[in-house]
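So you can see what is in the structure, the chains are spelled out below.
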Amino acid sequence: MALPSPTDPLDVRLDSLLALLGGASDADYVGEPVSQLAHALQAAAAAAAHEPWDPELVLAALLHDIGHLAPGVPQMQGLGARDHERIGRAILRRAGLGSRIQHLVAGHVDAKRYLVATDAAYDAELSPASRATLALQGGPMSPDEILAFEADPDGDAILALRRCDEAAKVPGQSVPGLGHYRPLLRHHLELEAARAPADSDS
Ligand code: FE
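Just so it is clear, the structure is predicted and the values come from calculations on it, not from any experiment.

Caption draft 1: The layout of surface pockets, seen in detail. Approximately 200 Å³ is the volume found for the second largest pocket. Taken together, 13 residues line the second largest pocket, and the ones lying closest to its centre are Gly107, Asp110, Met141, Phe149 and Asp152. Ranked by residue count, the leading element in the lining of the second largest pocket is helix α5 (residues 99–118), at five residues.

Structure representation (structure tokens):
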């Protein structure tokens, strides 16, 4: 499976991202009872129901775990790719997605570390697999890390993404398929290409 390259035409990058997700229909989602593809689609559907409508949140939710799907990345003891959020950000940058989506995806593990440290109800509901990865991801945030997270202007969107992530582990849930998001993703890539042609050429 080829990763998207910044020099690829828009449609090639689009197809490459969708192929990574589409190829994950029978990929185990690190100890959860749904496939990676089902998890991505459920997360995107949850984000689409979020108010106000935030198309970048929807795309971030769809793509938030794409770092688990990159070939050849180091694994955490059967619990997925180490640093998958940063690998995901790098894949999305190469594919030409905007900086905010990259930032949301990169932050979705820190959001778990923030919520575990600040929200007892969230901590109590964490799935066993998510709790197992938490320890490998740095554990609950320190007070200084909490302050830094709360200063992030996109903190609320990152937390919303995390809630969508947690909600997206329901076996057999009926949600729109991958093709449903193709126009939204294509539109976003077009906007980014028009906004920063110098960046995408470099
Ligand atoms: Fe996830």
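There is more to say after this.
Caption draft 2: Representation of the packing of helix α3 (residues 55–63) against α5. The interhelical angle for the contact between α3 and α5, taken along N-to-C directions, is 50°, at an axis separation of 9 Å. Looking at the two axes, α3 sits oblique to α5. Classified by chirality, the crossing of α5 by α3 is right-handed. Where α3 approaches α5, its residues Glu56, Leu57, Leu59, Ala60 and Leu63 are matched on the opposing element by Arg100, Ile101, Leu104 and Val105.

Caption draft 3: Fine view of the pattern of salt bridges. Applying the stated criterion across every chain yields a total of 16 salt bridges. Here Arg182 and Asp15 are joined by a salt bridge, their closest N and O atoms 2.8 Å apart. Placement of Arg182 in helix α10 (residues 182–195) and of Asp15 in helix α1 (residues 10–22) is noted, with a sequence separation of 167 residues between them. On the accessibility criterion, Arg182 (32% relative accessible area) is partly exposed. Notably, a salt bridge pairs Arg162 with Glu166, separated by 2.9 Å at the nearest N-O pair. Here Arg162 pairs with Glu166, and both are found in helix α9 (residues 155–167), just four residues apart, close to one helical turn. For Arg162, a relative accessible area of 3% translates into the label buried. Here the salt bridges share partners, and the residues they tie into one network are Asp54, Glu56, Arg100 and Asp154.

Caption draft 4: Local environment of the environment of Ile87. With respect to the helices and strands, the residue Ile87 is situated in helix α4 (residues 84–95). For Ile87 and Val73, which are 14 residues apart along the polypeptide, the C-alpha to C-alpha distance reads 8.5 Å. Dropping the residues within four chain positions of it, Ile87 is found in contact with Gly67, Ala70, Val73 and Arg82.

Caption draft 5: Representation of unusual backbone geometry. Omega for the bond connecting Glu51 with Pro52 falls within 30 degrees of zero, at 0°, which places this linkage in the cis form. Relative to the elements of secondary structure, Pro52 occurs in the loop between α2 (36–48) and α3.

Reading the values: the criteria
Residues numbered from 1 in each chain as written. Predicted model: local features only at pLDDT ≥ 70, side-chain atom pairs only at ≥ 80, totals over all residues. Heavy atoms only, no water. 1 Å grid on protein atoms, 1.4 Å probe; cavity = no way out; pocket = protein on both sides within 12 Å on 5 of 7 lines; lining within 4 Å. Points joined across faces, edges and corners; volume = space filled by probe spheres on them. Helix = DSSP H or I, 4+ residues; strand = E, 2+ residues; numbered from the N terminus. Axes fitted to C-alpha atoms, helices over the stretch in contact; angles between N-to-C directions. Parallel < 35°, antiparallel > 145°, perpendicular 65-115°, else oblique. Left-handed = near helix turned anticlockwise from the far one by under 90°. Contact = heavy atoms within 4.5 Å. Salt bridge = Lys/Arg side-chain N within 4 Å of Asp/Glu carboxyl O. Buried < 20%, exposed > 50% of the residue type's maximum accessible area, 1.4 Å probe, protein only.

By themselves, these are just geometric observations and shouldn't be taken as functional.
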